Each structure stands twice: as structure tokens, then as C-alpha cells.
Amino acid sequence: IGLMLAAVLAEALLPLLLPIQVFSGTISFLALMFLGAVFYRQASDDARPGASIRLVLLGLAMIAATALGDPRSPGGLWQQAATLAARSAALLVFGAVFLLRDRAWPRALRYFGTISFSIYLLQATVLLVRTGSPLLNMLLWPALTLAGASLTYAWIERPGIQLGQYLAKRARSR
């Protein structure tokens, strides 16, 4: 919640009050990234009562902060509109998944959730691969991302999680 408040202050209010421009979206991107984890904590009853309402209000404030940003910033109005659309879509997805949390999910979607961190880490690198055809790029990028994420999950992420669990268990037994 503190990171979300900092995003609203730094990205919307400071540029309106002072002649400075924070890199558009940097702080609110981080806040939005952690919002999914907070929704998970709320769903597993690991969060304080009323946290969901505060999260939704701050999420809306982050969207407003994006909309209030300076359209003269690098990237201009189109970048601002794209950022606003992406953040709104992320909040809608988080909210929909939260509301549907008690439903059974298809196996493929559960697998995408399992490898989602690897997808997140690889997607920017995969976008560097270019062919001569935009259509081929659109077909190749998801395939490369999913294949690479599956491999990094199996070879790096899952063994790292297992090692962390082993070390934590060992530390608790001392």
C-alpha cells in the first residue's frame, strides 16, 4: 500500500506541483506488479480485513496518476494512453481472478500461472528477436517465450524454490 501511495505522489502530484517529471510509470509499475501478490494474500485470508477495499481504491488512484501524467513526457500522449490501458487491464484481470478464485481453472491456465515469473523475466529478451515479417514475429514471440519460460522454470526456478525450501526447513530445525 505504501508503494502505491508513493506512486500516486511521485507520478501525479509532484509533476503538477513542481517542474520535475518522474520517469513515467516506474514506481506505479512496481506497485502494480506486487498488487497480484496482495490479492493472493487476501484470497488466502492472510491479509487484514478491509485491505481489499483499500487496494481497489489505491489501484484506481494509480490509474488516475497515470492519466494525470504529463503528456509532454518522453513517449508522449500515445505512451501515456498505452500505459493507462495496460494498467487498467491488469487491475481488471486481478479483480476477475480474485472474484473467480473458488472456481476450477483449466490445466493450461494453471501451468501459465506456474511459469508466469519465468514468462515475466524472459518476455523482454524474446522481443529482441526479429524476423523480416511482423506476422511471423507475432507467432514466434509467444512460442519462444513459452518454450523458454518452461525450460527456465524446470532448470532454474523450480530447483531454486526447492533449495530455498530445504534451507528454510534446515534453519527452522536448528
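Here the structure is shown first, and the text comes after it.
Computed from a prediction, not measured in an experiment: that's the story for all the values here. (Residues numbered from 1 in each chain as written. Predicted model: local features only at pLDDT ≥ 70, side-chain atom pairs only at ≥ 80, totals over all residues. Heavy atoms only, no water.)

> Please explain the side chain of Ser118 as it appears in this structure.
Looking at where Ser118 falls in the secondary structure, it is placed in helix α6 (residues 116–126). If we ignore the near neighbours within four places in the chain, the residues touching Ser118 are Ala149, Thr152, Tyr153 and Glu157. (Helix = DSSP H or I, 4+ residues; strand = E, 2+ residues; numbered from the N terminus. Contact = heavy atoms within 4.5 Å.)

> Looking at this model, I keep getting lost on a nonpolar patch on the surface. Mind explaining?
A cluster of nonpolar residues, Val93, Val97, Leu99, Leu100, Trp105, Leu109, Tyr111, Phe112 and Leu146, forms a patch on the protein surface that exposes about 780 Å² of accessible area. Elements that contribute at least two residues to the nonpolar patch include exactly α4 (76–99) and α5 (107–114). With respect to the element layout, Val97 can be found in helix α4. Among the residues examined, Val97 registers a relative accessible area of 40% and is labelled partly exposed. (Patch = residues over 30% accessible without salt bridge, like charges linked within 9 Å, V, L, I, M, F, W, Y side chains within 5 Å. Areas by Shrake-Rupley, 256 points an atom, 1.4 Å probe, with all protein chains shown as cover. Salt bridge = Lys/Arg side-chain N within 4 Å of Asp/Glu carboxyl O. Buried < 20%, exposed > 50% of the residue type's maximum accessible area, 1.4 Å probe, protein only.)

> Looking at this model, I keep getting lost on helix α7 (residues 134–173). Mind explaining?
Each full turn of the α-helix corresponds to 3.6 residues, which orients residues three or four apart in the same direction. With 40 residues, α7 extends 55 Å between its outermost C-alpha atoms, agreeing within 8% with the 58 Å of an ideal straight helix rising 1.5 Å per residue. Of all the bends in α7, the largest measures some 45° and sits at Tyr153. For α7, the set of buried residues is Asn137, Trp141, Thr145, Gly148, Ala149, Tyr153 and Glu157. Its side-chain oxygen placed 3.3 Å from the backbone nitrogen of Leu135, Ser133 serves as the N-cap of α7. (Expected span 1.5 Å × (residues − 1). Bend = angle between axes of the 7 residues up to and from the residue. Polar contact = N/O pair within 3.5 Å; in protein donor to acceptor, adjacent residues only side chain to side chain.)

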